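# Chains, contacts and geometry: an overview
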Amino acid sequence: ADNEKSGIGFVIGTEAEWNLNKWISLYGGLQYVRLNGKCDIIYNIPDDNYDFKYGDEKYMREYIQVPILFGFHPLKGLTLKAGIQPGWRIGSKISSQYERSNAQEYHTWRRYMGINAQTRQFAFDIPVGASYEYHNIILDARYHFALNKYFKEILEMRNSYLTITLGYKFNM
């Protein structure tokens, strides 16, 4: 949606690197990712002199993802990365707050529901980013450009997001 706001999520996983030459590497990984977001949608629908505000929708999305990236090493410790990332949804939930009011009354209530049936099972991203390694500690930042919509039909919302991870490199 146009008014979706970012939320803090979580990612945990593993990644392997294959050096193709001095400058280029191939990376493959497996990750669990939890994405969070918020969307405010306002409807003014008269119903017995009530105005409805339907807002504060909070989304939680969980995926198993398989990043496949190429890395370019322009400087010692610095790697520029880009590739593809297929992902499979393993969970989706929404928390919505409803408000109903007129001049005399005000009511509010919350509901929680799973939304797996309304969301796409498969996600496909283009991750682009950079990492820096120092003494086997790796700081990695990637922006993930979503190529498909999150919902099947109702909203244009996409799962584009930024990840910042800290990891340790085991030399094998």
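Residues numbered from 1 in each chain as written. Predicted model: local features only at pLDDT ≥ 70, side-chain atom pairs only at ≥ 80, totals over all residues. Heavy atoms only, no water.

In this section: the environment of Thr 14. For Thr 14, the location among the structural elements is in strand β2 (residues 10–19). Sequence separation between Thr 14 and Gly 167 is 153 residues; the distance between their C-alpha atoms is 8.9 Å. (Helix = DSSP H or I, 4+ residues; strand = E, 2+ residues; numbered from the N terminus.)

Okay, a nonpolar patch on the surface next. A cluster of nonpolar residues, Val 128, Ile 137, Leu 139, Tyr 143, Phe 145, Leu 162, Ile 164, Leu 166, Tyr 168, Phe 170 and Met 172, forms a patch on the protein surface that exposes about 1,300 Å² of accessible area. For the nonpolar patch, the elements supplying multiple residues, two or more each, are β9 (137–146) and β10 (161–168). Mapped onto the elements of the fold, Leu 166 is located in strand β10. The class for Leu 166 is exposed, based on a relative accessible area of 67%. (Patch = residues over 30% accessible without salt bridge, like charges linked within 9 Å, V, L, I, M, F, W, Y side chains within 5 Å. Areas by Shrake-Rupley, 256 points an atom, 1.4 Å probe, with all protein chains shown as cover. Salt bridge = Lys/Arg side-chain N within 4 Å of Asp/Glu carboxyl O. Buried < 20%, exposed > 50% of the residue type's maximum accessible area, 1.4 Å probe, protein only.)

A word on the environment of Gly 9. Along the chain, the position of Gly 9 falls in the loop between β1 (4–6) and β2. Measuring from C-alpha to C-alpha, the distance between Gly 9 and Tyr 161 comes to 9.7 Å, with 152 residues separating the pair along the chain. If near-sequence neighbours (up to four positions away) are discounted, Gly 9 is found in contact with Arg 34 and Asn 36. (Contact = heavy atoms within 4.5 Å.)

What follows is about unusual backbone geometry. Positive phi, normally seen in glycine, also occurs at His 135, with a value near 50°. Summarising the element assignment, His 135 is placed in the loop between β8 (122–134) and β9. You can call His 135 exposed: its relative accessible area is 62%. Of note, Asn 136 is a non-glycine position whose phi angle comes to about 70°, a positive value.

This model, assessed by the stated rule, comprises 6 salt bridges. The shortest N-O distance in the salt bridge between Glu 17 and Lys 169 comes to 3.3 Å. On the criterion of sequence distance, the pair formed by Glu 17 in strand β2 and Lys 169 in the segment after β10 is long-range, its members being 152 residues apart. For Glu 17, a relative accessible area of 28% corresponds to the partly exposed category. When salt bridges with common partners are traced through the structure, they connect Glu 15, Lys 81, Asp 140 and Arg 142 into a single cluster.

Bringing the packing of aromatic side chains into the picture now. Taken as a whole, this structure holds 6 aromatic pairs when the rule is applied. Relative to Phe 145, the ring of Tyr 143 lies with its centre 4.7 Å away and its plane at 65°, an arrangement referred to as edge-to-face. Consider the rings of Tyr 168 and Phe 170, whose centres lie 5.0 Å apart with planes at 75°: the pair is edge-to-face. Taken together, the ring pairs connect Trp 88, Phe 122 and Phe 124 into an aromatic cluster. Positioned above the aromatic ring of Tyr 27 is the side chain of Lys 81, whose terminal nitrogen or guanidinium carbon lies 4.3 Å from the ring centre. (Phe/Tyr/Trp six-rings, centres within 6.5 Å; stacked < 30°, edge-to-face > 60°. Lys NZ or Arg CZ within 6 Å of the ring centre and 35° of its normal.)

As paired strands, β8 and β9 are joined by 10 bridges and run antiparallel to one another. Following the sheet pairing, Ile 126 is matched in β9 by Phe 145. Two successive antiparallel strands, β8 and β9, enclose a turn made up of 2 residues, where His 135 displays a positive phi of approximately 50°. Across 8 bridges, the pairing between β9 and β10 is antiparallel. (Pairing = 2+ DSSP bridges.)

The subject of this paragraph is the nonpolar core. Counting 5 residues, the largest nonpolar core is built from Val 33, Leu 35, Tyr 63, Ala 123 and Tyr 161. Excluding residues that lie within four positions of it along the chain, Ala 123 makes contacts with Tyr 63, Gln 85, Pro 86, Gly 87 and Asn 148. (Core = buried A, V, L, I, M, F, W, Y, C linked by side-chain atoms within 4.5 Å.)

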